[in-house]
Amino acid sequence: MENIADQYKHIKGWGVDADPTNEPTHPMKKYTGDDHNRINWQRPALQQYTVEILKSNERPTLSAVNGTSVPPSGLSGVLRRYAFKFSESSYGHWLPLLLADRINVVEGIIDDIKEGHFPNIPAERGIAADWKYNRKALIQKTVAMAAVSFILFTALRSKRK
Amino acid sequence: MLAMNYRGPRRVRVSEKPMPEILHPKDCVVRVTRSCICGSDIHLYNGLVPDTRVGSTFGHEFIGVVEEIGPDVHKLKVGDNVIVPFNIACGECAFCKQELYGNCHESNSQATAVGGIFGYSHTAGGYDGGQAEYARVPYADVGPTVIPEWMDHDDAVLLTDVVPTGYQAAEMGGIKTGDTVVIFGAGPVGIMAAKCAWLFGAGRVIIIDKLDYRLEFAKEYAQCEAYNYEDMGDPVLFLKKTTDWFGADVCIDAVGADATGSALQTITGKKLMLQAGAATALHWAINSVKKGGIVSIVGVYGPTDNLVPIGNVLNKGLTVRANQASVKRLLPRLIEHVKEGRLNPKGLITHRVPLEEVADAYHIFTSKLDNCLKPVLIPSTAKK
Ligand SMILES: NC(=O)c1ccc[n+]([C@@H]2O[C@H](COP(=O)([O-])OP(=O)(O)OC[C@H]3O[C@@H](n4cnc5c(N)ncnc54)[C@H](O)[C@@H]3O)[C@@H](O)[C@H]2O)c1
Ligand SMILES: [Zn+2]
Ligand SMILES: [Zn+2]
């Protein structure tokens, strides 16, 4: 041990947390035995809700606190509520949620426009950073897109004639 | 107040949002002074985490000043500067009592497999995060920890996640003196895991990534060996050879669902979403560790399934340990390490960006532009 520590003198703190008795380590080491009381601990006060909170069907009640950002709404909300009929072990839970996430993106754009705000998608994607640090790729991409659009456009026009 | 606002995969902006309020007697409201973007945010940003709702504010790595406290908060007072651990923990449930603060059962109704996490989708509780001017912090007496006077706030903000996660990755590896530890992923978490592996007495530390600028940095910062997997053909074979055909004693996955390196994993995991992200690094970890070895997973995956060689876990008799970092549990020891100069968290920060430029910051970090390693967002209200 002495010898090996000498080898690592250049590394500040080498071995200070080595502890052969720390086994099994986290997540096991603080086991209290309370697990056999199941979920019957003294619960914290319960948060009062003014928005809809969905609940996993793998638990009997809401947890004592929850976030309240973005309650379910619209078509995506209908799907999210449906998803929560299934357990976390089921694709019936996760696939509708992923689908809802995608529908929610369209709902977000519609909401933006309704509020008179047309989303600046290139800015939201960080195009300014591309211009600063990735200019060559950005220009290549833009030129390629312009070329493809031009070819499609001329092809469609010549077809119509 | 201004807050980051998620609009869909790879689209974010800042917008005005209502000020957070005390919603529970044990809540406090914090004025954010710094918040980071994390590799975990990349999974959200790429749309890989189910129930990530448009309009959410991300951000689980933040520090700030307590502005308001609920009637049942006794340990904190208005004006305290606090480190806010990324996990929301009640301190009273059976899991918190075992110091599994990352697995609290009273902070998230929406999934039982994961506790509440700030700004991390509704699957992790639907909390607005700290990439904002202000944030609501539940169970204020449990998680938030007052920043010691002597501590640089750039160090403090990394104690919310990166340092404890890297440390716990090494801890769960059950490193024995002289062990060879291989870490997949030279992001902030992997680099911190490499640094911490030495604290546990590792004899050899190897980090694997494909970004040369990160490998170069890791070599200096964590005083370890660093290799690019793109140069080695088959990384598992490379690691077998470099460990005298034995396998590493411990392998750490510090990559998670956004891994690159295998076309099959990328197509099924990230393009078609037939699995919960690409499990390339975990696959390599399982196959490069020795028989009877330990695989420690801190890389984050989605809640469905992943393609991993579970048959080899069986045949090799591996121990797999994994968890969200139990930040609160580790803070006292980690604060000591920072004080003694054994860990230098702020050395990881490469970018400081005003909160208003959050869209650019996400793009720079996710696309690894400008040699980015760790960006910190600073709200204009940070100095008041
Ligand atoms: N368990 C926890 O509590 C916890 C906390 C924080 C972060 N995390 C997770 O840790 C992981 C890393 O976080 P980060 O902030 O360092 O992220 P990051 O994105 O900055 O770093 C990930 C690194 O992995 C590299 N990489 C990709 N595929 C690889 C492969 N096949 N082999 C080796 N390297 C590969 C990338 O090039 C990148 O440098 C993420 O999955 C994040 O969600 C977990
Ligand atoms: Zn994080
Ligand atoms: Zn708890």
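The rules behind these values
Residues numbered from 1 in each chain as written. Chains lettered and ligands numbered in written order. Predicted model: local features only at pLDDT ≥ 70, side-chain atom pairs only at ≥ 80, totals over all residues. Heavy atoms only, no water. Helix = DSSP H or I, 4+ residues; strand = E, 2+ residues; numbered from the N terminus. Rg over C-alpha atoms; globule rule 2.2 N^0.38 Å. Buried < 20%, exposed > 50% of the residue type's maximum accessible area, 1.4 Å probe, protein only. Contact = heavy atoms within 4.5 Å. Areas by Shrake-Rupley, 256 points an atom, 1.4 Å probe, with all protein chains shown as cover. Lys, Arg positive; Asp, Glu negative; His and termini not counted. Charge placed at Lys NZ, Arg CZ, Asp CG, Glu CD. Axes fitted to C-alpha atoms, helices over the stretch in contact; angles between N-to-C directions. Parallel < 35°, antiparallel > 145°, perpendicular 65-115°, else oblique. Domains from an automatic or database assignment. Donors = N, O, S within 2.8 Å, 3.2 Å for Na, K, Ca; no water. Tetrahedral: all angles 85-135°; square planar, octahedral: opposite > 155°, others 65-115°. Core = buried A, V, L, I, M, F, W, Y, C linked by side-chain atoms within 4.5 Å. Buried area = accessible area lost by both parts, 1.4 Å probe. Salt bridge = Lys/Arg side-chain N within 4 Å of Asp/Glu carboxyl O. Nonpolar A, V, L, I, M, F, W, Y, C, P; charged D, E, K, R; others polar. Polar contact = N/O pair within 3.5 Å; in protein donor to acceptor, adjacent residues only side chain to side chain. Near = heavy atom within 4 Å.

A.B. asks: Can you tell me about the overall build of chain B, naming the residues and giving the values?
C.D. replies: A tally of helices and strands in chain B yields 12 helices and 17 strands. Compactness check: chain B gives a C-alpha radius of gyration of 20 Å against a globular reference of 21 Å for 384 residues, within 12% of the reference. For chain B, the spread of C-alpha atoms along the three principal axes comes to 60 × 45 × 40 Å. A buried classification covers 69% of the 384 residues belonging to chain B. The contacts in chain B between residues at least 6 apart in sequence include a share of 71% that link residues at least 24 apart. With an accessible surface of roughly 12200 Å², chain B has 53% of that area assigned to carbon and sulfur atoms. Positive and negative charge centroids in chain B, built from 38 and 42 side chains respectively, lie 3 Å apart.

A.B. asks: Tell me what's going on with the packing of helix H2 (residues 74-83) of chain A against helix H3 (residues 91-114) of chain A, and back it up with residues and numbers.
C.D. replies: Residue and element names in this part refer to chain A. Put simply, H2 and H3 touch, their axes get as near as 8 Å, and they point 170 degrees apart. As judged from the angle between their axes, H2 and H3 are roughly antiparallel. Between H2, through Gly-74, Leu-75, Ser-76, Leu-79, Arg-80, Tyr-82 and Ala-83, and H3, the contact on the second element is made entirely by Gly-92, His-93, Pro-96, Leu-97, Leu-99, Ala-100, Asp-101, Ile-103, Asn-104 and Glu-107.

A.B. asks: Explain the domain arrangement of chain A to me, and be specific about the residues and the numbers.
C.D. replies: By domain assignment, chain A separates into domain 1 (2-119) and domain 2 (120-161). Between the C-alpha centres of domain 1 of chain A and domain 2 of chain A the distance comes to 39 Å.

A.B. asks: Could you give an account of the coordination of the zinc ion (ligand 2), with specific residues and numbers?
C.D. replies: Ideal geometry at a metal centre: 109.5 degrees between donors when four sit tetrahedrally, and 90 or 180 degrees when six sit octahedrally. All names here are of chain B. The zinc ion (ligand 2) binds to the protein through Cys-38 (SG), His-60 (NE2), Glu-61 (OE) and Asp-161 (OD); the donor distances cover 2.0 to 2.3 Å. Its four donor atoms give the zinc ion (ligand 2) angles of 92 to 138 degrees at the centre, a pattern that matches the irregular case. Positions of the donor residues of the zinc ion (ligand 2) along the chain correspond to the pattern C-x21-H-E-x99-D. With Cys-38 in the loop between strand S3 (28-36) and helix H1 (39-45) and Glu-61 in the loop between H1 and strand S4 (62-69), this residue pair connects regions lying 23 residues apart in the sequence. Neither Cys-38 nor Glu-61 differs from the other in exposure class; each is buried.

A.B. asks: Lay out the nonpolar core in plain terms, naming residues and giving numbers.
C.D. replies: Residues and elements named next belong to chain B. One finds Leu-159, Ile-183, Ile-191 and Ile-207 to be the most contacted residues of the largest nonpolar core, which totals 87 residues. Examining the composition of this core, we find that nine residues originate from one element, helix H5 (residues 188-199), more than from any other. What Ile-207 contacts, discounting residues up to four positions off in sequence, is Ile-183, Gly-185, Ala-186, Gly-190, Ile-191, Ala-194, Leu-215, Ala-218, Cys-224, Glu-225, Ala-226 and Tyr-227. Of all hydrophobic cores here, the second largest spans 27 residues; its members include Cys-93, Tyr-139, Ala-140 and Val-142.

A.B. asks: Outline the interface of chain A and chain B, listing residues and values.
C.D. replies: Contacts between the two partners involve 77 residues from chain A, matched on the other side by 83 residues from chain B. Between chain A and chain B the total buried area reaches about 6600 Å² when both faces are included, carbon and sulfur atoms providing 53% of it. Seen at the junction of chain A and chain B, the total is eight salt bridges. Secondary-structure elements contributing two or more residues to the side of chain A that touches chain B are H3, helix H4 (121-124) and helix H5 (127-133) of chain A. If one sorts the elements of the side of chain A that touches chain B by residue count, H3(A) sits on top with 12 residues. Among the residues forming the side of chain A that touches chain B, the class breakdown is 37 nonpolar, 22 polar and 18 charged.

A.B. asks: Tell me about the domain arrangement of chain B, and please be specific about residues and values.
C.D. replies: Interface size is often expressed as the accessible area that is lost when the parts come together. Residue and element names in this part refer to chain B. Domain annotation of chain B identifies domain 1 (2-161 + 326-378) and domain 2 (166-322). Each of domain 1 and domain 2 was reduced to a C-alpha centroid, and the two centroids are 25 Å apart. It is Leu-48, Leu-348 and Leu-373 in domain 1 that bury the most area against domain 2; as a group they hold 27% of the surface buried on that side. On the surface where domain 1 and domain 2 come into contact, there are one salt bridge. One salt bridge in this structure joins Glu-171 and Arg-329, with 2.7 Å as the shortest N-O distance. In this structure, the connection of domain 1 to domain 2 is made through eight residue pairs in polar contact (both at pLDDT 80 or more). At the level of secondary structure, the elements contributing two or more residues to the side of domain 1 that touches domain 2 comprise H1 and helix H11 (327-339). Sorting elements by how many residues they give to the side of domain 1 that touches domain 2 places H11 first, with five residues.

A.B. asks: Quick one: what's the story with the coordination of the zinc ion (ligand 3), residue by residue and with numbers?
C.D. replies: Residue and element names in this part refer to chain B. Coordination sphere of the zinc ion (ligand 3), protein contribution only: Cys-90 (SG), Cys-93 (SG), Cys-96 (SG) and Cys-104 (SG), at 2.3 to 2.4 Å. Taken together, the four donor atoms coordinating the zinc ion (ligand 3) span angles of 102 to 117 degrees at the metal, a pattern that classifies the geometry as tetrahedral. Sequence spacing of the donor residues for the zinc ion (ligand 3), all on one chain, is C-x2-C-x2-C-x7-C. Of this pair, Cys-93 sits in the loop between strand S6 (87-88) and helix H2 (94-97) while Cys-104 sits in the loop between H2 and strand S7 (116-117), and the two are 11 residues apart along the sequence. Look at Cys-93 and you get buried, because its relative accessible area is 0%. Among the residues examined, Cys-104 registers a relative accessible area of 4% and is labelled buried.

A.B. asks: Go over the site of ligand 1 with me, naming the residues and quoting the values.
C.D. replies: Residue and element names in this part refer to chain B. Around ligand 1, 32 residues are found, and the nearest of them are Ser-40, Asp-209, Val-255, Val-298 and Ala-325. Asn-323 places a polar main-chain atom, nitrogen or oxygen, 3.1 Å from a nitrogen atom of ligand 1. At a separation of 3.2 Å, an oxygen atom of ligand 1 approaches a polar side-chain atom of Lys-368. Coverage of ligand 1 by the protein chains reaches 96% of its 860 Å² of free accessible surface.

A.B. asks: Please give an account of the environment of Leu377(B) that cites residues and values.
C.D. replies: All names here are of chain B. Positionally, Leu-377 belongs in strand S17 (residues 375-378). In this structure Leu-377 comes out as buried when scored by relative accessible area, which is 0%. Expressed as a C-alpha distance, the spacing of Leu-377 and Ala-132, which sit 245 residues apart in the sequence, is 8.9 Å. The residues touching Leu-377, leaving out its near neighbours within four places in the chain, are Arg-34, Ser-35, Ile-37, Gln-131, Val-353, Pro-354, Leu-355, Val-358 and Ala-361.

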